[in-house]
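# Topology and contacts: notes
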Amino acid sequence: PPNRAVEVDAPKAARVSRRTLDVKTSTAHVVLAMLLLSGAAHVAADPLPPGVLALAAKAEVREPIVAWCKGTFRPEKAIAYAFAVSRSGIGGRYLAVDSDGQVTELASFTGRADLACYTPTEAKALSASIANSETIQGSIAPLYKTTVVCAFVEETAAACWQYSTADKAFVRVGEWTT
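Overview of the structure. Source: prediction; values computed, not measured. What you see as residue numbers is a count from 1 along each chain, following the sequence as written. In keeping with the model being predicted, local features are shown solely for residues with a pLDDT of at least 70 and side-chain atom pairs are shown and tallied solely at 80 or more, while totals for entire chains, interfaces and linings include all residues. Processing note: side-chain calculations cover all non-hydrogen atoms of the structure and skip hydrogens and water entirely.

## Observations concerning the state of the cysteines
Disulfides are covalent bonds that connect the sulfur atoms of two cysteines. In what follows, a disulfide is any cysteine sulfur pair within 2.5 Å. What the rule picks out here adds up to two disulfides. At a sulfur-sulfur separation of 1.8 Å, the disulfide partner of Cys-69 is Cys-117. Linking Cys-69 and Cys-117, the disulfide has an S-S dihedral of approximately 55 degrees and is accordingly described as right-handed. Pair noted here: Cys-69 is in strand S2 (residues 65–71) and Cys-117 is in strand S6 (residues 115–118), with a separation of 48 residues, a long-range link. Note on accessibility: Cys-69 and Cys-117 belong to one class, buried. Across the protein, the way the bonded cysteines pair up, counted in sequence order, is 1-2, 3-4. Going along the chain from the N terminus, every DSSP run of H or I of four or more residues is numbered as a helix, and every run of E of two or more is numbered as a strand. Categorising residues by exposure relies on relative accessible area from a 1.4 Å probe, with only protein chains included: less than 20% of the type maximum marks a residue as buried, more than 50% marks it as exposed, and the intermediate range marks it as partly exposed.

Laid out in structure tokens, this is it:
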């Protein structure tokens, strides 16, 4: 299995994904929606900062980057990024790219990219909100102190990954369905 992981940046609360708009307005769902929005995801409308462009070039990522977030995948490595890449804007791949340019494909996705990076504490809080939801099923259980990358792989199914130093690979640490 391919490697998996990433971390958090400042959110843009004005950007609500189509998945969070479907969430009912009970208190638990509002909390869950806010947690989903707190992930450090940037969409294609955001200009790509020089660091993202430089790392994408170093990693030879040739597809257009439609979403990205910043994190620390491995304890011994510098800041890295998770990218959603897509030629058409619908469907594509999620990639983890380390500071040395090493690329790991996390998963492919259908539909539009929906990617976020969380600290382990934020991922646990999101998992608690999921557990309290009447319509969302799943959980997230971070195993390490590094970034957790979560992304929708299908319209109503999300998965989360974190890098395992023991396995030298990204491992799935959670999932949920809406």
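## With respect to unusual backbone geometry
Backbone geometry places Glu-60, a non-glycine residue, at a positive phi of 60 degrees. Checked against the element boundaries, Glu-60 lands in the loop between helix H3 (50–58) and S2. Given a relative accessible area of 54%, Glu-60 falls into the exposed group. Unusually for a residue other than glycine, Lys-168 sits at a positive phi of about 55 degrees. Within the element layout of this structure, Lys-168 appears in the loop between strand S9 (157–164) and strand S10 (169–177). The exposure class assigned to Lys-168 is exposed, which follows from its relative accessible area of 62%.

## So, the packing of aromatic side chains
Pairing of aromatic rings covers Phe, Tyr and Trp, the last counted by its six-membered ring, and requires centre-to-centre distances within 6.5 Å; plane angles under 30 degrees mean stacked, over 60 mean edge-to-face, and any other angle means tilted. All chains considered together, the criterion is met by six aromatic pairs. Note on Trp-68 and Tyr-81: the rings are 5.7 Å apart at their centroids and 65 degrees apart in plane angle, and the pair reads as edge-to-face. In this pair, Trp-68 sits in strand S2 while Tyr-81 sits in strand S3 (residues 80–85), placing the two residues 13 residues apart along the sequence. Considered together, Trp-68 and Tyr-81 belong to a single accessibility category, that of buried residues. For the pair Tyr-81 and Phe-83, a centre-to-centre distance of 6.1 Å together with 15 degrees between the ring planes defines the contact as stacked. The same class applies to Tyr-81 as to Phe-83, namely buried.

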